[in-house]
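Structure at a glance
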There are 2 protein chains.
Amino acid sequence: MDRIIHKRGQVAQETVDKVNAIIEEFGYKRNIMASNLALNKKFHFAIFLPKSETLEYWKSQIDGIEKAALEFSKFGIVLDYFFYDYNLASFKESAKKIMQFECDGLLFAPIFYEESVQFLDEYKKKNIPVVMIDSNISEKNEYAYVGQNAFQSGYLAGRLISFAVKNERQILIFKITREIESTSVYLQRIKGFYSYFKDHDELTNFKFSEVTLKDSGIDQLSMEMFLGVNSVFVPNSRAYIVAEFLEKNKIKGVRIIGFDLLKENIEYLNKGVIDFLINQRPEDQGYLGINYLYKKLVLQEETEKIHYIPLEIILKENYFPAK
Amino acid sequence: MDRIIHKRGQVAQETVDKVNAIIEEFGYKRNIMASNLALNKKFHFAIFLPKSETLEYWKSQIDGIEKAALEFSKFGIVLDYFFYDYNLASFKESAKKIMQFECDGLLFAPIFYEESVQFLDEYKKKNIPVVMIDSNISEKNEYAYVGQNAFQSGYLAGRLISFAVKNERQILIFKITREIESTSVYLQRIKGFYSYFKDHDELTNFKFSEVTLKDSGIDQLSMEMFLGVNSVFVPNSRAYIVAEFLEKNKIKGVRIIGFDLLKENIEYLNKGVIDFLINQRPEDQGYLGINYLYKKLVLQEETEKIHYIPLEIILKENYFPAK
DNA sequence: TATATTTGCGTGTGCGTACACGGTGTTTTT
DNA sequence: AAAAACACCGTGTACGCACACGCAAATATA
């Protein structure tokens, strides 16, 4: 019986057919609870993420992951963490470790585009289910993804900036990056942002400029950058840096839109310096990532490969912190 | 051993203590999979909702519920539906049936406030877990709730209406109800809506008026109702009715805000007649409702009693239908 | 004191599945 | 033709738990 189901051979084709017929007939479904009980197996999930200390955002992801881990521990799920610092060398080092590590599933945040593609190509031969969170590598459609559609989030940002404004507008796209600039989400958002204005011909009176700063060179912020600027789009979670500068220098009437509910961002949102934040629900992402692997491996269900987190628009008026 | 855990008596206190000590010592956790396997029990969930034919919104709720049912059927979950027409008589009739029905959990949409309170009071003595969806009866905090915070959704609507508008404003609150007017969500939303303007003194130049129509009397819509009106707030899913009327009568420049992604609402959203819709994610509500009962009864976990669905603001530009 | 009743506790079986083992019949090798 | 190898299949045990049964000891009743 189980020899047929598990295709372990040792059975005559004739018998296989006979049993399969009966399985069809009675609509037999294997009881996963009993199966896993008999298997008595631990499921090891590798977690491949940036260090949570680096950013509050990743801390939330971990929170969601741990919540799921606790909940699913009764099904034999065990997590093994592989953190890396926010740079390529550290990323590659961890990648190597994971290649050697034996596990049943992988949760992965492909921050660095090129290197992630490379890593996944190599990881493919292990034939282990992978779920990406935060950023998606869309060409890798054999893998699952939990996170936002970055392009659309940029597009929405465009809409929000143009909100009820008909007059001349000068828009600044403010890029504050770490070492690497090529993180995929980030670029997709900017692409989506521009797309919104391309799709709306009536908005020709909008003018764009871009500024790029490295994380290490925040002190290069200057008043000149904001000359004549009405709106600032920060395509990552660093909107608070712009907000802080504007507040300090008493520049008013500039609309800011950014991402993620970091403490600092919320602070300036409540002060009215930041106008919009798009929330990515990082905790949900983490939870749902683990949930995907659980469904895939423990329950052996086929699940939707792509789970887009809603583009949640947070204004001062609809931010209600979870108590 | 199990006699102690299940407190079935028949054990000397001395032995109980001894075993409990050892349980503590080794951190024993009962294996729910094995437990349920041995129990070999079916979990019956009663579903107490308005007929899904009445509204697309409830259809989505059912979709989510069925999705969950399919997924959890392997854990022995069986659903028993109790639908009622959108009126008190039918509601009470179904309520009676449910009172007599033997089940392990109840999913319930307390549409009619007074009667729901009454029903829940009576149902309490059955000592069966209940999860409410869509509307919350907040004083019944022994029960779980999945849905939005209705007050806050009205508050947000207020914010959206006042968006970037400094001039004089005439706001119409358009109530299209069925037989009963006292559905709780609906009133809470209006309360929240007014609250926004109360909290913001600078918005004194906003004027309000209200119109109430019964579902049966839509033909009473008239041009006069919209004289001088700049914005319309529809505190339920019937925004499309206002939109249709305005479009037919070529009244332009009126901002409409409503709830729920019904087909008709989406149609007018895409046409630009409706400006905002607040999505309640009915499918998620249904799914999460069942999910709560599953966690509570099958896994015997303690879960968050209240799960607020995000206030998802849908504009023409960020509506991306699930393909 | 003998018998009936209660209380405490060990054991056995079953839930539905996985897997190892051992037995039978068939084919290949020497 | 005997020995070895192989393909096929039934059975037993284990997974962790729930529950019924039945035995022994403690207590109550006659």
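The structure displayed is predicted, hence computed values, not measured ones. (Residues numbered from 1 in each chain as written. Chains lettered and ligands numbered in written order. Predicted model: local features only at pLDDT ≥ 70, side-chain atom pairs only at ≥ 80, totals over all residues. Heavy atoms only, no water.)

The next point concerns the overall build of chain A. Broken down by element type, chain A carries 11 helices and 12 strands. Taking all 323 residues of chain A together, the buried fraction comes to 54%. For chain A, long-range pairs separated by at least 24 residues make up 69% of all intrachain contacts whose partners lie at least 6 apart in sequence. Side-chain charges of chain A comprise 42 positive and 45 negative groups, with the mean position of each set lying 1 Å from the other. (Helix = DSSP H or I, 4+ residues; strand = E, 2+ residues; numbered from the N terminus. Buried < 20%, exposed > 50% of the residue type's maximum accessible area, 1.4 Å probe, protein only. Contact = heavy atoms within 4.5 Å. Lys, Arg positive; Asp, Glu negative; His and termini not counted. Charge placed at Lys NZ, Arg CZ, Asp CG, Glu CD.)

A word on the sheet that holds strand β10 (residues 276-279) of chain A. All names here are of chain A. Pairing within the open sheet is mixed, and its 6 strands lie in the order β7-β6-β8-β9-β10-β12. Here the strands that pair on one side only, and so sit at the sheet edges, are β7 (206-214) and β12 (312-314). Neighbour to neighbour, the strand axes of the sheet diverge by 20° on average, direction disregarded. Strands β6 (169-177), β7, β8 (231-233) and β9 (255-259) of the sheet are contacted by helix α8 (residues 184-199), whose axis makes an angle of about 170° with β6. Against the sheet, helix α10 (residues 263-271) contacts β9, β10 and β12, and its axis sits at roughly 145° relative to β10. (Pairing = 2+ DSSP bridges. Axes fitted to C-alpha atoms, helices over the stretch in contact; angles between N-to-C directions.)

Contact residues are listed per partner, giving 33 residues for chain A and 33 residues for chain B. At the junction of chain A and chain B, the tally comes to 4 salt bridges. A salt bridge links E71(B) to K295(A); its shortest N-O distance comes to 2.7 Å. At the boundary of chain A with chain B, the tally comes to 6 residue pairs in polar contact (both at pLDDT 80 or more). Those elements that provide at least two residues to the side of chain A that touches chain B are α3 (32-39), α7 (150-161), α11 (282-298) and β12 of chain A. Classifying every residue of the side of chain A that touches chain B gives 20 nonpolar, 5 polar and 8 charged. (Salt bridge = Lys/Arg side-chain N within 4 Å of Asp/Glu carboxyl O. Polar contact = N/O pair within 3.5 Å; in protein donor to acceptor, adjacent residues only side chain to side chain. Nonpolar A, V, L, I, M, F, W, Y, C, P; charged D, E, K, R; others polar.)

Attention now goes to the sheet that holds strand β10 (residues 276-279) of chain B. All names here are of chain B. Spatial strand order, β7-β6-β8-β9-β10-β12: 6 strands in an open sheet with mixed pairing. Strands at the two margins of the open sheet, each flanked by one partner only, are β7 (206-214) and β12 (312-314). Neighbour-to-neighbour, the strand axes of this sheet turn through a mean angle of 20°, independent of strand direction. Relative to β12, β10 runs antiparallel, the two sharing 3 bridges. Looking at the pairing, L277 lines up with I314 of β12. Docked against the sheet, helix α7 (residues 150-161) engages β6 (169-177), β7, β8 (231-233), β9 (255-259), β10 and β12, running at close to 160° with respect to β9. Strands in contact with helix α8 (residues 184-199) are β6, β7, β8 and β9; relative to β6, the strand with the most contacts, it is inclined by about 170°.

It is worth spelling out the environment of I161(B) at this point. Residue and element names in this part refer to chain B. Inspection of the secondary structure puts I161 in helix α7. Spatially, the C-alpha atom of I161 lies 27 Å from that of S60, the residues being 101 residues apart in sequence. Discounting chain neighbours no more than four positions away, the residues touching I161 are I171, F193, F197, F206, S231, V232, F233, R255 and I257.

This paragraph deals with the packing of helix α9 (residues 239-248) of chain A against α10(A). Residues and elements named next belong to chain A. Taken N-terminus to C-terminus, the directions of α9 and α10 make an angle of 45°; their axes are 8 Å apart at the nearest point. Taken as axis vectors, α9 and α10 run oblique relative to one another. Crossing geometry of α9 relative to α10 is assigned as left-handed. Along the contact surface, α9 presents A239, Y240, A243, E244 and E247, while α10 presents E264, N265, Y268 and K271. Considering only residue class, the contact of α9 with α10 consists of 4 nonpolar, 1 polar and 4 charged. (Parallel < 35°, antiparallel > 145°, perpendicular 65-115°, else oblique. Left-handed = near helix turned anticlockwise from the far one by under 90°.)

By secondary structure assignment, the location of E301(B) is in the loop between α11 (282-298) and β11 (306-308). Look at E301(B) and you get buried, because its relative accessible area is 14%. For the pair E301(B) and F259(B), spaced 42 residues apart in the sequence, the C-alpha separation amounts to 34 Å. Residues within four places of E301(B) in sequence aside, it is in contact with E71(A), K74(A), K295(B) and K296(B). A polar side-chain atom of E301(B) sits 2.6 Å from a polar atom in the side chain of K74(A).

Turning to the relation of the copies chain A and chain B, a few remarks are in order. Overlaying chain A with chain B gives an RMSD of 0.1 Å, the required rotation being 180° about an axis along which the chain moves by 0.0 Å. Both chain copies can therefore be described as sitting about a two-fold axis. Same-surface contact between copies: 100% of interface residues of chain A are shared with the interface of chain B. (Least-squares fit on C-alpha atoms with pLDDT ≥ 70 in both.)

Moving on to α11(B). Residue and element names in this part refer to chain B. The end-to-end C-alpha distance of α11 is 24 Å, a good match for the 24 Å that 17 residues give at a rise of 1.5 Å each. Extensive coverage of α11 is indicated by the burial of 13 of its 17 residues. Backbone geometry just after α11 places Q300 at a positive phi near 50°. (Expected span 1.5 Å × (residues − 1).)

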